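# Breakdown of the fold
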Amino acid sequence: MKRFIGFISLMLTIPVFSQTIPEPHTCQLGITLSGGAARGYAHIGVLRAFEEAGIDIDFISGSSMGAIVGLLYAAGKTPDEMLDIAKSLKKRRVTSAGRFSFRKKGLDYMEQVLKKHIAVTTFDQLKKPLFLCVTNFHSGRYEIISEGEIFTAVRASAAVPFVYRQQIINGTAYIDGGVVNNLPVEPLRDVCRTVVGISVNPIEQKSKKMSLKKQIMRVTELMINENETRRIALCNYHLEVPDLGSIDFEDYDQPEKIHDMGYRAAKEFLLQLRIKN
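Residues numbered from 1 in each chain as written. Predicted model: local features only at pLDDT ≥ 70, side-chain atom pairs only at ≥ 80, totals over all residues. Heavy atoms only, no water.

### Some words on the overall build of the protein
Broken down by element type, the protein carries 10 helices and 8 strands. Residues counted as buried form 54% of the 277 residues belonging to the protein. Put simply, of all contacts in the protein between residues at least 6 apart along the chain, 78% involve residues at least 24 apart. Counting only carbon and sulfur atoms, one obtains 51% of the accessible surface of the protein, whose full area is about 13000 Å². (Helix = DSSP H or I, 4+ residues; strand = E, 2+ residues; numbered from the N terminus. Buried < 20%, exposed > 50% of the residue type's maximum accessible area, 1.4 Å probe, protein only. Contact = heavy atoms within 4.5 Å. Areas by Shrake-Rupley, 256 points an atom, 1.4 Å probe, with all protein chains shown as cover.)

### Side note on empty space enclosed by the protein
Tallied over the entire structure, the rule returns 3 cavities of 30 Å³ or more. In this structure, the second largest cavity spans a volume of roughly 90 Å³. Forming the walls of the second largest cavity are Tyr41, Ile44, Met65, Ile68, Val69, Leu72, Met82, Ile85, Ala86, Leu89, Met110 and Leu114. The set of elements that each furnish at least two residues to the lining of the second largest cavity consists of α3 (65–74), α4 (79–88) and α6 (106–117). By residue number, the principal contributor to the lining of the second largest cavity is α3, which donates 4 residues. Residues belonging to the lining of the second largest cavity are distributed by class as follows: 12 nonpolar, no polar and no charged. (1 Å grid on protein atoms, 1.4 Å probe; cavity = no way out; pocket = protein on both sides within 12 Å on 5 of 7 lines; lining within 4 Å. Points joined across faces, edges and corners; volume = space filled by probe spheres on them. Nonpolar A, V, L, I, M, F, W, Y, C, P; charged D, E, K, R; others polar.)

### Comments concerning the environment of asparagine 236
Its place among the elements puts asparagine 236 in the loop between α9 (212–232) and β8 (237–240). For asparagine 236, a relative accessible area of 38% corresponds to the partly exposed category. Along the sequence, asparagine 236 and threonine 194 sit 42 residues apart, while their C-alpha atoms lie 6.0 Å from each other. Leaving out residues up to four positions away in the same chain, asparagine 236 has contacts with Arg189, Arg193, Thr194 and Val195. A polar atom in the side chain of asparagine 236 sits 3.1 Å from the side chain of arginine 189. In terms of polar contacts, asparagine 236 uses its side chain to reach the backbone amide nitrogen of valine 195, at 2.7 Å. (Polar contact = N/O pair within 3.5 Å; in protein donor to acceptor, adjacent residues only side chain to side chain.)

### So, helix α2 (residues 42–52)
Extensive coverage of α2 is indicated by the burial of 9 of its 11 residues. Along α2, the positions that sit buried rather than exposed are Ala42, His43, Ile44, Gly45, Val46, Leu47, Arg48, Ala49 and Phe50. Once α2 finishes, glycine 54 follows within two positions and takes phi at roughly 75 degrees, a positive value.

### Regarding the nonpolar core
With 67 residues, the main nonpolar core has Phe50, Leu71 and Leu114 as its most contacted residues. In terms of residue count, the dominant contributor to this core is α3 (8 residues). For leucine 114, the residues in contact, after removing those within four places along its chain, are Ile68, Leu71, Leu72, Phe151 and Val154. Counting 16 residues, the second-largest nonpolar core is a separate cluster that includes Cys27, Val180, Leu183 and Leu188. (Core = buried A, V, L, I, M, F, W, Y, C linked by side-chain atoms within 4.5 Å.)

### Details of the side chain of arginine 231
Relative to the helices and strands, arginine 231 is located in helix α9. A polar side-chain atom of arginine 231 sits 3.0 Å from a polar atom in the side chain of asparagine 181. Only 2.8 Å separates the side chain of arginine 231 from the side chain of glutamate 186, close enough to count as a polar contact.

Have a look at this one:
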């Protein structure tokens, strides 16, 4: 319970941006991908729709699963390749298998999968600039990592509280970037002419009866939604993939279904933009 109370307090901390911002407007389009565990598979479908529309993405930022998908895309993986990787994941090796635990090896497994498909090891070797959001557990503030070793940073960005261990970087403990900043638009705002935010955690009506685990996840969902809401105004455009509330955070065995939800939402989103323009 003490751990949970500490987590709730951290969620309410006001974040600051700690990364030095490059010269303004050095790219045309930046896209920021929210966290959302398995719901983040929807980002793959969104990226597919953007590619089909001939839209080039220059910069990418992300938290948690958004950081993982962002890394794959920045490394040059196509939506088809990313979906194949998602299909190859073993759900029980990623999830907490029905209970909260700080001893899970899910991040070890995820890193093994990423290293199998990504040959580069540092940010400067990526094909597209990438910003990963992490939460400093000691200061209670988010930080942006965009240089150095990739896999340590992505592990920290995806270190979901109560599921995975804190990740130690240079003696400092870090947890999931989405705890404080689930839609890290800030590193893109002053370097890109246009910024698009993609969210995968719509707030939907829930049943009154929920297990303790479901209640904790619901509280997390509500708090994450609040910290996203404050950042939507910083985006030029924002897409929230609908109906994902029906998808559990640990539904890693439904990549195609979730991908398709993101794809359909992005196609409609781009169609509406064309009509307005």
